[in-house]
Amino acid sequence: MKCPFCNAESTQVTDTRENDEGDLIRRRRRCNDCDKRFTTYERIELKMPLIVKKNGSRAEYEREKLLGSMRLALRKRPVTVESVEAALDRIEGKLLSLGEREIPSEKLGELVMRELKKLDKVAYIRFASVYRNFEDAEEFSEAIREVSPHPRAKTRSKV
C-alpha cells in the first residue's frame, strides 16, 4: 500500500479491526519513510455478471428490475416479501457461483422461472407466458401441465 502523503511503497499495518457485521476491515497504517499514519478499509466486492440480451446488447444486472418482474408475476398472490427476497438471494448466489463475466438473459430467465415455480405456480405461469412469448393456447396448456400435479394411478380394489 502506497503512502498517500509521500508515495512511499513501504507501509506497515499497526492495527486491524473488523466491523460488527464482518463485511468491512479497517486497517491503521504507518509509513516507514515519513512516519505519517493513515487508515484504509477493505470491503468485499462482488461483481455481478453482465446480462447479454437476445439482441446482443449488454446491460448491468439490476436487482430492483428483477424484483419488479417477479412482483408483477406475483401480484395478488399469497407470497411473503421474505420469500421473494430469499428467492432473489438464491438467484444472485447462483449467478455469482457461475463465475462468468456475462450471462445470457435466457439463463437468468430460467433461474427466475425455477424460483417462481417453487414460490407460486400461478406466478410461474404468468412469468413463463411473457418470458417464453407463448404463441398459442397449446403452449400455455403445456406450461400448465408442467406445474400440475400428475394424476395418481388408480388402484384396483379386490372384490
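I will try to describe carefully the structure that is included in this document. (Residues numbered from 1 in each chain as written. Predicted model: local features only at pLDDT ≥ 70, side-chain atom pairs only at ≥ 80, totals over all residues. Heavy atoms only, no water.)

This next bit is on helix α3 (residues 105-119). Between its first and last C-alpha atoms α3 spans 21 Å; for 15 residues at 1.5 Å apiece the expected length is 21 Å, and the two agree. Taken together, the buried positions of α3 are occupied by S105, L108, G109, L111, V112, M113, E115 and L116. (Helix = DSSP H or I, 4+ residues; strand = E, 2+ residues; numbered from the N terminus. Expected span 1.5 Å × (residues − 1). Buried < 20%, exposed > 50% of the residue type's maximum accessible area, 1.4 Å probe, protein only.)

Moving on, we get to a nonpolar patch on the surface. A surface patch of nonpolar side chains, amounting to about 310 Å² of accessible area, comprises I44, L46 and L96. On the secondary structure map, L96 appears in helix α2 (residues 81-98). (Patch = residues over 30% accessible without salt bridge, like charges linked within 9 Å, V, L, I, M, F, W, Y side chains within 5 Å. Areas by Shrake-Rupley, 256 points an atom, 1.4 Å probe, with all protein chains shown as cover. Salt bridge = Lys/Arg side-chain N within 4 Å of Asp/Glu carboxyl O.)

It is worth spelling out the sheet that holds strand β5 (residues 58-59) at this point. Taken in spatial order, the three strands make up an open sheet running β5-β4-β6, and their pairing is mixed. The open sheet has two edge strands with one neighbour each: β5 and β6 (102-104). Sheet analysis places strand β4 (residues 50-52) next to β5, joined by two bridges and oriented antiparallel. Looking at the pairing, I51 lines up with A59 of β5. Running at roughly 70 degrees to β6, α3 makes contact with β4 and β6 of the sheet. (Pairing = 2+ DSSP bridges. Contact = heavy atoms within 4.5 Å. Axes fitted to C-alpha atoms, helices over the stretch in contact; angles between N-to-C directions.)

Another aspect to go through is the side chain of E115. Inspection of the secondary structure assignment puts E115 in helix α3. The exposure class assigned to E115 is buried, which follows from its relative accessible area of 6%. A distance of 2.7 Å separates polar atoms of two side chains, one belonging to E115 and the other to R90. With near-sequence residues (within four places) excluded, E115 lies in contact with A87, R90 and I91. (Polar contact = N/O pair within 3.5 Å; in protein donor to acceptor, adjacent residues only side chain to side chain.)

As a further point, take the sheet that holds strand β1 (residues 11-18). Strand order in the open sheet formed by three strands is β1-β2-β3, and the pairing between neighbours is antiparallel. Each edge of the sheet is formed by a strand with only one pairing partner; in this case those strands are β1 and β3 (37-43). Recorded for the sheet is a direction-independent mean angle of 25 degrees between the axes of neighbouring strands. Of the strand pairs in this sheet, β1 and strand β2 (residues 24-31) are connected by seven bridges, and their pairing is antiparallel. By the bridge assignment, T16 is partnered in β2 with R27.

Residues L66, M70, I91, L95, L108, V112 and L116 are the most contacted members of the largest nonpolar core, which totals 23 residues. Elements represented by at least two residues in this core include exactly α1 (63-73), α2, α3 and α4 (121-131). If we ignore the near neighbours within four places in the chain, the residues touching M70 are V84, A87, L88, I91, V112, L116 and L119. (Core = buried A, V, L, I, M, F, W, Y, C linked by side-chain atoms within 4.5 Å.)

Further remarks concern the packing of aromatic side chains. A ring pair, where both rings are aromatic, is described by two values, the distance of the centres and the angle of the planes. Applying the stated rule across the entire model yields zero aromatic pairs. The ring of F5 is capped by K36, whose NZ or CZ atom sits 5.1 Å from the centre of that ring. (Phe/Tyr/Trp six-rings, centres within 6.5 Å; stacked < 30°, edge-to-face > 60°. Lys NZ or Arg CZ within 6 Å of the ring centre and 35° of its normal.)

Below, the discussion takes up the pairing of β2. Bridging between β2 and β3 involves seven bridges; their strand directions are antiparallel. Within β3, the position partnered with L24 by the bridge is R43.

A separate point is the pattern of salt bridges. A side chain of one charge can pair with a side chain of the opposite charge when the charged atoms of the two come close. Tallying each qualifying case throughout the model produces twelve salt bridges. With a shortest N-O distance of 2.6 Å, R63 and E85 are connected by a salt bridge. With R63 in helix α1 and E85 in helix α2, the pair connects residues that are 22 residues apart, well separated along the chain. Of the residues examined, E85 reaches a relative accessible area of 28% and is grouped as partly exposed. Close ionic contact of K118 with E115 constitutes a salt bridge, the shortest N to O distance being 3.4 Å. In this pair, K118 and E115 are both assigned in helix α3, three residues apart and thus about one turn of the helix distant.

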